[in-house]
Amino acid sequence: MLSVQHQTTLLEAGVDEAGRGCFAGPVMAAAVILPADFFHPLLNDSKQVKEADRYLLREIICKDAIAWGIGRVDAAEIDRMNILQATYRAMHSAIQQLTIRPELLLIDGNRFSPYPSIPHICVVKGDSKLANIAAASILAKTFRDDTMKQMALMHPQYGFEQNKGYGTAAHRQAIETHGLCDVHRKSFNIQSQQMPLWD
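Residues numbered from 1 in each chain as written. Predicted model: local features only at pLDDT ≥ 70, side-chain atom pairs only at ≥ 80, totals over all residues. Heavy atoms only, no water.

Caption draft 1: Spatial organisation of the side chain of Ser-46. Relative to the helices and strands, Ser-46 is located in the loop between strand S2 (27-33) and helix H1 (51-64). The contact partners of Ser-46, leaving out residues within four places of it in the chain, are Arg-54, Ser-137, Ile-138 and Lys-141. (Helix = DSSP H or I, 4+ residues; strand = E, 2+ residues; numbered from the N terminus. Contact = heavy atoms within 4.5 Å.)

Set out below in structure tokens:
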């Protein structure tokens, strides 16, 4: 069973990202404040949850959370600032959208750029340890997957609805065949022999 809180006396928000290692699409982050008594048996790190269950959990989290927010930084901005800084910006944007200000931020991973006036704790593998972070991972993943499915309608040749922008073998082959499009991250030095479609 995941623990909702890291400490017992502070109002805590879990924060996690999705899409940091992708070739295409945005990096997205979520911030979630759950009630202290929140429990759902399916809640876990989004990578450990089946797709249908992730969407079921998203509906429950969005309904039952004290507050939640989503942040997004698109590929062009990732290229301008680098993926690490873009991830921090997406996380900060998600925190800023919370309608209730948390007293402590629980960040999945081992690095974070401090958010003004709110202390934070980095928790390695926090999405499999703390419910607030697991909930954030579910929201970040599902909202990003929805974004990639929309991008697949505009760029059907890359299979974004299946690979979600990750560098699968099929995605790499599509890049070789069609070149890069406007939602690919050019700063990732993705190799293609074709002329990029964004020129």
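Caption draft 2: Expanded view of the packing of aromatic side chains. If you walk through the whole model with that rule in mind, you get three aromatic pairs. Considering the side-chain rings of Trp-68 and Phe-143, the 5.8 Å spacing of their centres and the 20 degrees angle between planes classify their relative orientation as stacked. You can see Trp-68 sitting in strand S3 (residues 67-73) and its partner Phe-143 sitting in helix H4 (residues 131-154), a full 75 residues away along the chain. For Trp-68, a relative accessible area of 32% translates into the label partly exposed. When its relative accessible area of 22% is taken as the criterion, Phe-143 is described as partly exposed. Geometry around Phe-143 places Arg-58 over its ring, the cationic atom sitting 4.3 Å from the centre. (Phe/Tyr/Trp six-rings, centres within 6.5 Å; stacked < 30°, edge-to-face > 60°. Buried < 20%, exposed > 50% of the residue type's maximum accessible area, 1.4 Å probe, protein only. Lys NZ or Arg CZ within 6 Å of the ring centre and 35° of its normal.)

Caption draft 3: Spotlight on the pattern of salt bridges. Within this structure, the stated rule accounts for nine salt bridges. A salt bridge links Glu-77 to Arg-89; its shortest N-O distance comes to 2.3 Å. Of this pair, Glu-77 sits in helix H2 (residues 75-81) while Arg-89 sits in helix H3 (residues 83-96), placing them 12 residues apart in sequence. Taken together, the shared-partner salt bridges in this structure form one network comprising Asp-45, Lys-47 and Asp-127. (Salt bridge = Lys/Arg side-chain N within 4 Å of Asp/Glu carboxyl O.)

Caption draft 4: Structural context of the nonpolar core. Membership of the largest hydrophobic core comes to 24 residues, with the highest contact counts inside it found for Val-15, Val-27, Ile-95, Leu-98, Leu-105 and Phe-112. At the level of elements, strand S1 (12-18), S2, S3, H2, H3 and strand S4 (104-108) are the ones that each hand at least two residues to this core. Broken down by element, this core gets its largest block of residues, eight residues, from H3. Formed by 21 residues, the second largest nonpolar core is a distinct cluster that contains Ala-65, Ala-135, Ile-138 and Ala-140. (Core = buried A, V, L, I, M, F, W, Y, C linked by side-chain atoms within 4.5 Å.)

Caption draft 5: Structural detail: H4. Between its first and last C-alpha atoms H4 spans 35 Å; for 24 residues at 1.5 Å apiece the expected length is 34 Å, and the two agree. Most of H4 is tucked away, with 18 of its 24 residues classed as buried. (Expected span 1.5 Å × (residues − 1).)

Caption draft 6: Summary view of the sheet that holds S2. An order of S3-S2-S1-S4-S5 is seen for the five strands of this open sheet, with the pairing classed as mixed. If you trace the sheet from one side to the other, it starts and ends with S3 and strand S5 (120-123), each paired once. Averaged over neighbouring strand pairs, the angle between their axes works out to 20 degrees when direction is ignored. Strand direction decides the pairing type here: S1 and S2, joined by five bridges, are antiparallel. Residue pairing for S2: Glu-17 is matched across the bridge by Ala-29. Against the sheet, H3 touches S1, S2, S3 and S4, its axis set at about 35 degrees to S2. The strands touched by H4 within the sheet are S1, S2, S3, S4 and S5, with S1 carrying the most contacts at an inclination of about 35 degrees. (Pairing = 2+ DSSP bridges. Axes fitted to C-alpha atoms, helices over the stretch in contact; angles between N-to-C directions.)

Caption draft 7: Spotlight on the confidence of the model for the protein chain. Per-residue confidence for the protein chain gives a mean pLDDT of 93, with 92% of residues at or over 70. Note that residues 193-199 has pLDDT below 50 and, in this model, 18 contacts with residues that lie over four places away or in other chains. (pLDDT = per-residue confidence, 0-100.)

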